[in-house]
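Report on the structure
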Amino acid sequence: MALITTPRQLARKAEFYHHLSQLASAGIGLPEALAMHQRGNSNSLFRKNLAQVIQHLESGATLGEALGRIRNWLPAFDLAMLRAGELSGRLPECFSLLARHYEERVKAIRQISSDLMYPLFLLHFAVFIGPLPTLVLTGNIAAYLGQVLGLLAPLYGVALLVIYAAQSRHGEHWRAVIEMIARAIPVVGSAQHHLALARLAAALEALISAGLTIIEAWELAADASGSPALRRAVRAWKPEVLAGMTPAEAVSRNREFPELFVNLYHTGEISGKLDHSLKKLHEIYQEEATRKLRLLTQWLPRLVYLAIVFMIAWRVLSFWLGYFGQLQNVLQ
């Protein structure tokens, strides 16, 4: 299993689900569709996992069971949606939803990466040019490299740590800590929370339509959301729901769910059109999360650029202050 999920891997998943959606809509059976995608896939690990899934399906396992037997391959959200699609007979729609989900993630990551190219170039230029006068005066290459690496190594370390922390394949405690930190960051925290609510609503609608009990559907949807806070909230109210409280009442008492979510869910529950309310909630929070991610892609490079400009200005100012200080000492 890779330590870091790359945009290329996410794009491969989007292509995988898009291909399956097309084949399933055309009436091709699932084992045959998986086999067709396996033959056309160039990634050896992906082909190996698909071969195992096909083997489990041919031995009589359901899609959910087959995927569940391959550890650390698909996230909980994928597994919940595919299980719901299989039970409800709506696999093509679930494949399409997952394809759009990964396409949005890839688009956001690539946009941020593209916009950060120039600021990162300026950062490296400033780091390499800063100690250059000292190198010219002293000729000490080791000291120059030490200064450069002393600045770049921590920056690369922090960047890798942030990327690794953002992955979804960590333990519950780790994800809870990362979620708590993210919520303290403007835009990032709200985008993450809205995305989790969108996942929960989509999974819950699919699971309820598949015929699962409301309690089981809520538990699986909370797992699919990827949010430890939502998962804790749902687990905490389970005894009360078993005792007779409605999920709408439980949702209204928990601050993890915004007022809009509470109102629409309550309306759907009392009107008997909960599936429509959940679809609407998924659309609303998916759009809001996408909007905030786009805002992040616009402003993050600008903030990095400004930070680099200030750093360069500080280094230039420090150099000249030091130079005039030495000149003054000589003249005295």
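Above this text sits the structure in question.
The structure reproduced in this document is the subject of the present report. Positions within a chain are numbered from 1, following the residues in the order the chain's sequence is written. For a predicted model such as this one, the threshold for reporting local features is a pLDDT of at least 70, and the threshold for listing and counting side-chain atom pairs is 80 or more; totals across whole chains, interfaces and linings nevertheless cover every residue. Neither water nor hydrogens contribute to the side-chain values; these are computed over all heavy atoms in the structure.

**Quick word on the overall build of the protein chain**
By definition, any uninterrupted DSSP run of H or I lasting at least four residues is a helix, any uninterrupted run of E lasting at least two residues is a strand, and each is numbered from the N terminus. Helix and strand content of the protein chain: 15 helices and zero strands. The C-alpha atoms of the protein chain give a radius of gyration of 26 Å, which is well past the 20 Å a tight globule of 332 residues would have. Seen through its principal axes, the protein chain has C-alpha atoms that stretch 90 × 50 × 30 Å. Taking all 332 residues of the protein chain together, 37% fall into the buried category. What makes two residues a contact is simply this: any of their non-hydrogen atoms within 4.5 Å. Pairs at least 24 apart in sequence give 60% of the contacts found in the protein chain among residues at least 6 apart. Each accessible area value is a Shrake-Rupley result obtained with a 1.4 Å probe; residue values ignore everything except the protein chains displayed when judging cover. Of the roughly 18800 Å² that the protein chain leaves accessible, carbon and sulfur atoms contribute 62%. We count Lys and Arg on the positive side and Asp and Glu on the negative side, and we leave His and both chain ends out. Think of each charge as sitting on NZ of Lys, CZ of Arg, CG of Asp or CD of Glu. A distance of 8 Å separates the average location of the 32 positive side-chain charges in the protein chain from that of its 25 negative side-chain charges. The globule rule is 2.2 Å times the number of residues to the power 0.38, and the radius of gyration it is compared with is taken over C-alpha atoms. Between buried and exposed lies partly exposed: a residue is buried under 20% and exposed over 50% of the maximum accessible area for its type, with that area taken using a 1.4 Å probe on protein chains only.

**Some details on the packing of helix H1 (residues 7-25) against helix H6 (residues 91-129)**
Interaxial distance between H1 and H6 falls to 8 Å at its minimum, and their mutual angle equals 155°. As far as their axial angle goes, H6 and H1 are roughly antiparallel. Pair H1 / H6 crosses with left-handed handedness. On the side of H1, the interface is formed by Pro7, Leu10, Ala11, Lys13, Ala14, Tyr17, His18, Leu20, Ser21, Ala24 and Ser25, while H6 contributes Pro92, Phe95, Ser96, Leu98, Ala99, Tyr102, Glu103, Arg105, Val106, Ile109 and Arg110. Between the N-to-C directions of two axes lies an angle of 0 to 180 degrees, each axis being a line fitted to C-alpha atoms and, for a helix, fitted only over the stretch in contact. When describing relative orientation, an angle under 35 degrees is termed roughly parallel and one over 145 degrees roughly antiparallel, while 65 to 115 degrees is termed roughly perpendicular and anything else oblique. Crossings are classed by handedness, with left-handed meaning an anticlockwise turn of the near helix from the far one by less than a right angle and right-handed meaning a clockwise turn.

**Here we look at helix H10 (residues 188-209)**
The span you would expect from a helix comes to 1.5 Å times its residue count less one. In this model H10 runs 32 Å from its N-terminal to its C-terminal C-alpha over 22 residues, within 8% of the 32 Å that 1.5 Å per residue would give. When you tally the buried positions in H10, you get 17 out of 22 residues, the bulk of the element. Gly211, located one to two residues past H10, shows a positive phi value of around 100°.

**Remarks on the packing of aromatic side chains**
Any two rings among Phe, Tyr and Trp, with Trp reduced to its six-membered ring, count as a pair given centres within 6.5 Å; such a pair is stacked if its planes are under 30 degrees apart, edge-to-face if over 60, and tilted if neither. For the structure shown, the criterion picks out 13 aromatic pairs. Where Phe16 meets Phe46, the ring centres are 5.2 Å apart and the plane angle is 80°; that geometry is what we call edge-to-face. In this pair, Phe16 is assigned in helix H1 and Phe46 in helix H3 (residues 44-58), connecting sequence segments 30 residues apart. Phe46 carries the same exposure label as Phe16, and that label is buried. With a centroid separation of 5.9 Å and an interplanar angle of 85°, the aromatic rings of Trp218 and Phe257 are classed as edge-to-face. Taken together, the positions of Trp218 in helix H11 (residues 214-225) and Phe257 in the loop between helix H13 (247-252) and helix H14 (259-271) put the pair 39 residues apart, joining distant regions of the chain. Like Phe257, Trp218 is buried.

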